Structures are given as structure tokens and as C-alpha cells.
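Report on the structure
Spelled out, the chains give:
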Amino acid sequence: MKIALDAMGHDNGPAPLIEGAVLALRENTQISKLFLTGDTPQLEALLKKHGCNDARIEIIHTTQVVEMHDSGIDALRRKKDSSVSRAVDLVKSGDAEAVVSAGNTGAAVAASTIKLRVLPGIDRPAIAAMMPTEKGVHFVLCDAGANPDPTPQHLEDNAFMAAVYCEHVLGRPKPKIGLLSNGTEEFKGNALTLAAHGLLKNSGLNFHGNVEGHDLFKGTVDVVVTDGFTGNVVLKTSEALAKSIFSLLTRELTANPIRMAGAKLCKPGFRAVKAVTNADEYGGMPLLGVEGVCIIAHGGCSPVAVKNALRAACSSIQHQLNPHIVEAVQRSHDSSPNTHQPA
């Protein structure tokens, strides 16, 4: 499997990305080629620091970096030699099968959408994020940030794409779909969710109906569909809350010797919970709906998260999701030819 890593796209520079890449190469024999796009002297120095001279690595020198404050589409136009743009180019040319980026999400989405194009029948791509539940399984949140202002038809497409991902990657036949709203009743929601509810109800999917915020982590549904703005807020709030809870627990459980003794007995349980809620364990989120594989990682992700993002890229290549997405969406459009108008 040939993967391109945007080696400059990180809040803290290339160091965490290179460390994660080295970890991935040591553990994953599926990777036959790993392209690192970025400043060659910096990347070579970091590889040397980790004692890595793996023949599978090829550095593609770039002269520009998309900063987090840059506009995604503007950066794509003005910084044609950026690390993320050149990484996507490798997928476009067929030299790589997947791209992984922890940089500016807008730039990664724009580059993948414009350069790779969207799949037939899809108007806008969407990010699928794995979210934990109290049952120990996960649900797919879609969209988690790619398209902040979708149409109802886009939400329907998100449901189909996430359902395919849930079925073929997570192994759940006929996944249950929920629409995020401010009430479970069919008449609750804004104009977008009300219109999307009608489409999903007649989509042929296993549609559960509306789900509220406090239902998300109960494991009621396998897929939660929403717009990219709301989904991104839910994702970041949930991750921050999980970290805050563990910080609070650490502070309180180490407050005195008696609590510390009790905490030591519970340590395996705490570790298990942390593993389920730790975003680093999943590494990156697939950008569904583009021709090719694009994995979006967090800007501040750890080396372990980078390693797991590269693993997620391998998984997406292996499962060949795109043909299944095209088939599912086309089947939907054929059965309801008047319900989908291109944006």
C-alpha cells in the first residue's frame, strides 16, 4: 500500500508526524511506500534522529506550508507547492493510494475535493468520525467538519456514505441511522433537519429517526448524521470533555494516600475506559465521497495517533469503500429520481 503523508501539517511542526511515521513503518508491513511531503532537510534530520533509514520512505520536497489560520481554498490557490497539496497530487497521479494530513482541515478537504473529484452521485464529501458509547462499541458521526452548510440532500448522501463505512469497515449489516436534532419527535428541528428527516424516512436505509444530544453516547444508533458545523462542534466538545474528566479524576484520586490506594486497584478499569475514549486510538477520520482515500487527523495529534491514522489509511484502501458508496448512492437515486438535485 502506497501512502502520502503531509509531513508539515501539524500544530507542532513535522516532529510528531515523523515519529508517528517511523512507528507505523516498524509495525505495518502492508505499507510498501510512504511518501513524506515537506522540507527535505528537516525531514531527513528527524528521520536520522529516530535512526530510520527505511527504504520504503521517499521524501518529496515542498517549499510551502498551509498554516492553521489560512483559508483552505485560498491556500490551495496561493500555495500550490504546499505539503498537503503535493501529497494529494501523489494520489491524483496514482503514485499513492491514500493521503494522510493532520494539517489545515479546510485545505485538505479542498485539495482532495478539487484535485481528486467527488464520486459519481455525490455533491459534497463528508468526514466520518468514530465516537464511543457506553456499550463499548462506537457510532459514526457524519459529517464531522467537511461541509458546514449542507442541503438536505447532502445529509441524505452522508447517511448512505456513513452506512457503507459502518457496514464494510465496522462489520455491521443494516446499520441503524439517526438524525441529530433537538428532539426525538419527527416535527422537531430546524428547516435543514426537518427536510432531511423526510428524505431519510423514504431512503430505504434503516432509519431510526431523530436522536438528541443526550442519546448520542447510549449506542442507540450506529450512524449519526448532521451538518459539518454541528458535527465538528460535537466532536471537539466530546474529546475535550473526555480529557477534562480524566484530568479531574487524576486530581481527585491523587488528593490523599487513601484515594491513591483505591485508584491503584481501579487502574485497569481506568485504562480500559481511556482506551475507548482516547481519540489517538483511532488516529484519523476518513473523508468520504472523494475519488481516492483521504484521512484527516487532528492538528495536535500525538505520534501514536499519526501511526494509527496511517493504519486507518491502510484499512480504507483494503476495504475498497468507494465502489460500495457509488453503488449505494446510485441505487438510492435510481429509486427516487426526483429527490436529488445537484447543488
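Structure report, in brief. (Residues numbered from 1 in each chain as written. Predicted model: local features only at pLDDT ≥ 70, side-chain atom pairs only at ≥ 80, totals over all residues. Heavy atoms only, no water.)

**Focus on the pattern of salt bridges**
This is how the line gets drawn: For this analysis, a salt bridge means a side-chain nitrogen from Lys or Arg found within 4 Å of a carboxyl oxygen belonging to Asp or Glu. Any residue under 20% of the maximum accessible area for its type is buried, any over 50% is exposed, and the rest in between are partly exposed; the area is computed with a 1.4 Å probe on protein chains only.
Applying the stated criterion to the full structure yields 13 salt bridges. Between R56 and D54 there is a salt bridge, with its nearest N and O atoms 2.8 Å apart. Using a relative accessible area of 19% as the deciding quantity, one classes R56 as buried. Two residues, D215 and K218, come together in a salt bridge whose shortest N-O distance is 3.8 Å. Among the residues examined, D215 registers a relative accessible area of 13% and is labelled buried. Overall, the relative accessible area of 38% leaves K218 in the partly exposed class. Each of the salt bridges in this network shares a partner with another, and the network as a whole consists of R251, E252 and R259.

**Concerning the layout of surface pockets**
In plain terms, the rule: Residues are called lining when one of their atoms sits within 4 Å of a cavity or pocket point, these points coming from a 1 Å grid over the protein atoms alone, where a cavity is a set in which a 1.4 Å probe fits but cannot get out and a pocket is an open set with protein on both sides within 12 Å along at least five of seven lines. Grid points are joined across faces, edges and corners, and a volume is the space filled by probe spheres set on the points. Each helix corresponds to a stretch of at least 4 residues labelled H or I by DSSP, and each strand to a stretch of at least 2 residues labelled E; elements are numbered beginning at the N terminus.
By volume, the largest pocket amounts to about 550 Å³. If you go around the largest pocket, you meet 27 residues; those closest to its centre are P132, F217, S238, A242 and T277. If one sorts the elements of the lining of the largest pocket by residue count, helix 8 (residues 228-253) sits on top with nine residues.

**Some details on a nonpolar patch on the surface**
Our working rule: Each patch is built from salt-bridge-free residues with over 30% relative accessible area, joining like charges within 9 Å and nonpolar side chains (Val, Leu, Ile, Met, Phe, Trp, Tyr) within 5 Å. Note on areas: Shrake-Rupley with a 1.4 Å probe; residue coverage comes only from the protein chains shown.
Residues L241, I245 and L249 make up a contiguous nonpolar surface patch of roughly 250 Å² in combined accessible area. Examined against the element boundaries, L249 turns out to sit in helix 8. L249 sits in the partly exposed class, given a relative accessible area of 32%.

**Quick notes on the environment of M285**
We apply this condition: In what follows, a contact means two residues having at least one pair of non-hydrogen atoms within 4.5 Å.
Structurally, M285 can be placed in strand 10 (residues 284-288). Along the backbone, M285 and M130 are 155 residues apart, and their C-alpha atoms lie at a distance of 7.5 Å. Each residue touching M285, except ones within four places of it in the same chain, is listed here: I127, A128, A129, A144, L235, C294, I295 and I296.

**Points about the nonpolar core**
Heads up, the rule is: We call a set of buried residues a nonpolar core when its members are Ala, Val, Leu, Ile, Met, Phe, Trp, Tyr or Cys and they connect through side-chain atoms within 4.5 Å of each other.
Counting residues in each nonpolar core, the largest one holds 38 residues, and the members touching the most others are I127, L141, L216, V224, L235, M285 and L287. Within the residue set of this core, elements represented by two or more residues are helix 3 (72-78), helix 4 (83-93), helix 5 (105-116), strand 5 (126-132), strand 6 (138-142), helix 8, strand 10 and strand 11 (293-297). With six residues, helix 5 is the largest single contributor of residues to this core. Not counting chain neighbours up to four residues away, the residues in contact with I127 comprise T105, V109, L141, C142, D143, A144, G145, A146, M285, P286, L287 and I296. Core analysis: the next-biggest nonpolar cluster, separate from the first, contains 34 residues, M1, A7, L310 and A312 among them.

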